[in-house]
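# Descriptive structure summary
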Amino acid sequence: MKQPIYIFSNGKLERHQNTLAFEDSEGRKRYAPIESISELYIFGELDFNKRFLEFLTQNEVLLHCFNRYGYYVGSFYPREYYNSGWLILKQAEHYLDQGKRMELARRFVSRAIGNMKRVLEYYLRRGTEELQPILEQLELTRSTLGQQNTPEALMASEGNARQIYYEAFDIILKQEEFSFAKRTRRPPQNRLNTLISFGNSLLYVVALSEIYRTHLDPRIGFLHTTNFRRFSLNLDVAEVFKPILVDRLIFSLVNRGQLKAEHFSEGAEGIFLTEAGRRIFIQEWEDKLRTTIDHPSLKRKVSYRRLIRLDLYKIEKHLLGDRPYEPYIAGW
């Protein structure tokens, strides 16, 4: 089974016969068979050449780059092997038709809010009664989605829902050193915002990697506007999975004491995870993606990473008119 590789050190990447060779700044070399690698996550400063990128393309390996603060900066997206001209036409048709686009966009937002509620209900059942008013506000917001007539209005509703949802974080965590206050991004102004931004970035690139292995085009989203600058479909899909993958992981890491104040650094650019903090987060992130659950309709166990791919297949069926898209909803 193919696995992602994370590289934190500075050094050099190159092809060595049929393996990926990494030489760090101290001259130590490590090798990995290319057929065992699904994608590369680069956090260090690395040198590589065109021949190396050709090697990745031949083996369908994506490369995702992050800067020294842990921000995602871009991907090497190899030549697509699975593209279907017919499906891309259907994807564009659904984007250009306002009614069809809005139908999909509403489904992303409605299910994203639904999964926010599932997360809070989990903690409510464990005695955190202060969450009940927040749950009611989330449901009220979701009930108004049918009144929104543009993707921008839906994005605003989703943003309002998240602001309501974020009020629950301090209630669930009860950790003064991880108090929330408000959502801040570039740069994050406190440790909890740093974790949210880092986790969301990882989810965006996982969704992008899964799209690569379908017939879909990542540049054509429905909730997020398609433009000249970036991928957008992976952002749409990530909205559905943020609460159950990123947020639940953050609650676990903080409440179990796996991440502490010492795992963060502060500077003029904001607050960021140290390399040790990133390693802890990524280890737990990969463990989470490999975790399997009983799938209600397939009647077998599937991993959380596989759930993302299955949602993409459901989008394909929706575009082809086979079955309306029903995004994943957490079962607990």
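What this report covers is the structure whose coordinates are included nearby.

### What to know about the environment of V61
With respect to the element layout, V61 can be found in the loop between α1 (50-58) and β7 (62-66). Separated by 15 residues in sequence, V61 and F76 place their C-alpha atoms 8.9 Å apart. If sequence neighbours within four positions are ignored, V61 has contacts with I34, I37, S38, E39, L40, L56, F76 and P78.

### Quick look at helix α3 (residues 98-124)
An ideal rise of 1.5 Å per residue puts 39 Å on 27 residues; α3 measures up with 38 Å between its terminal C-alpha atoms. Where α3 begins, the capping side chain belongs to D97, and its oxygen is found 3.0 Å from the backbone nitrogen of G99.

### A short note on the pattern of salt bridges
Applying the stated criterion across every chain, the model contains 25 salt bridges. Among the salt bridges present, the one from R290 reaches D287, with a minimum N-O distance of 2.8 Å. Linking R290 with D287, this pair stays in helix α9 (residues 275-290), spanning 3 residues, or about one helical turn. Its relative accessible area of 32% is what places D287 among the partly exposed residues. Residue K301 pairs with D294 through a salt bridge whose shortest N-O separation is 3.2 Å. Among the ionic contacts, a cluster of salt bridges with common partners joins E39, E210, R213, R305 and R309.

### Digging into the packing of aromatic side chains
Scanning the entire structure with this criterion turns up 21 aromatic pairs. Taking the centre distance of 5.7 Å and the plane angle of 45° together, the rings of F48 and F52 count as tilted. Taking the relative accessible area as the measure of exposure, F52 reaches 0% and is therefore buried. One aromatic cluster is present, formed by Y6, F8, Y41, F43, F66, Y72, F198 and F281 through successive ring pairs.

### Comments concerning the packing of α3 against helix α8 (residues 233-255)
Contact geometry for α3 and α8: axes closest at 7 Å, N-to-C directions at 15°. With respect to α8, the axis of α3 lies roughly parallel. Of the two possible hands of crossing, α3 and α8 adopt the one that is right-handed. Contact with α3, carried on its side by F108, R111, A112, N115, M116, V119, Y122 and Y123, involves D236, V237, E239, V240, P243, I244, R248 and F251 of α8 and no other residues of that element. Split by residue class, the contact of α3 with α8 holds 11 nonpolar, 1 polar and 4 charged.

### Re the sheet that holds strand β2 (residues 11-16)
The strand order across the open sheet built from 4 strands is β4-β3-β2-β6, with neighbouring strands paired in mixed fashion. At either margin of the open sheet sits one strand with a lone partner, and together these are β4 (29-33) and β6 (46-47). Pairing between β2 and strand β3 (residues 19-24): 6 bridges, direction antiparallel. By the bridge assignment for β3, G11 is matched with D24. Strands β2 and β3 of the sheet are contacted by α1, whose axis makes an angle of about 60° with β2.

### Some details on the packing of helix α7 (residues 191-212) against α8
The relative placement of two packed helices comes down to the angle between their axes together with the axis-to-axis distance. Running from N to C, α7 and α8 point in directions that differ by 135°, and their axes come no closer than 8 Å. Regarding the angle of α7 to α8, the classification is oblique. The two elements α7 and α8 cross, and the hand of that crossing is right-handed. On the side of α7, the interface is formed by L192, L195, I196, G199, N200, L203, Y204, A207, L208 and I211, while α8 contributes L233, N234, L235, A238, F241, K242, L245, V246, I250 and V254.

Parameters at a glance
- Residues numbered from 1 in each chain as written.
- Predicted model: local features only at pLDDT ≥ 70, side-chain atom pairs only at ≥ 80, totals over all residues.
- Heavy atoms only, no water.
- Helix = DSSP H or I, 4+ residues; strand = E, 2+ residues; numbered from the N terminus.
- Contact = heavy atoms within 4.5 Å.
- Expected span 1.5 Å × (residues − 1).
- Polar contact = N/O pair within 3.5 Å; in protein donor to acceptor, adjacent residues only side chain to side chain.
- Salt bridge = Lys/Arg side-chain N within 4 Å of Asp/Glu carboxyl O.
- Buried < 20%, exposed > 50% of the residue type's maximum accessible area, 1.4 Å probe, protein only.
- Phe/Tyr/Trp six-rings, centres within 6.5 Å; stacked < 30°, edge-to-face > 60°.
- Axes fitted to C-alpha atoms, helices over the stretch in contact; angles between N-to-C directions.
- Parallel < 35°, antiparallel > 145°, perpendicular 65-115°, else oblique.
- Left-handed = near helix turned anticlockwise from the far one by under 90°.
- Nonpolar A, V, L, I, M, F, W, Y, C, P; charged D, E, K, R; others polar.
- Pairing = 2+ DSSP bridges.

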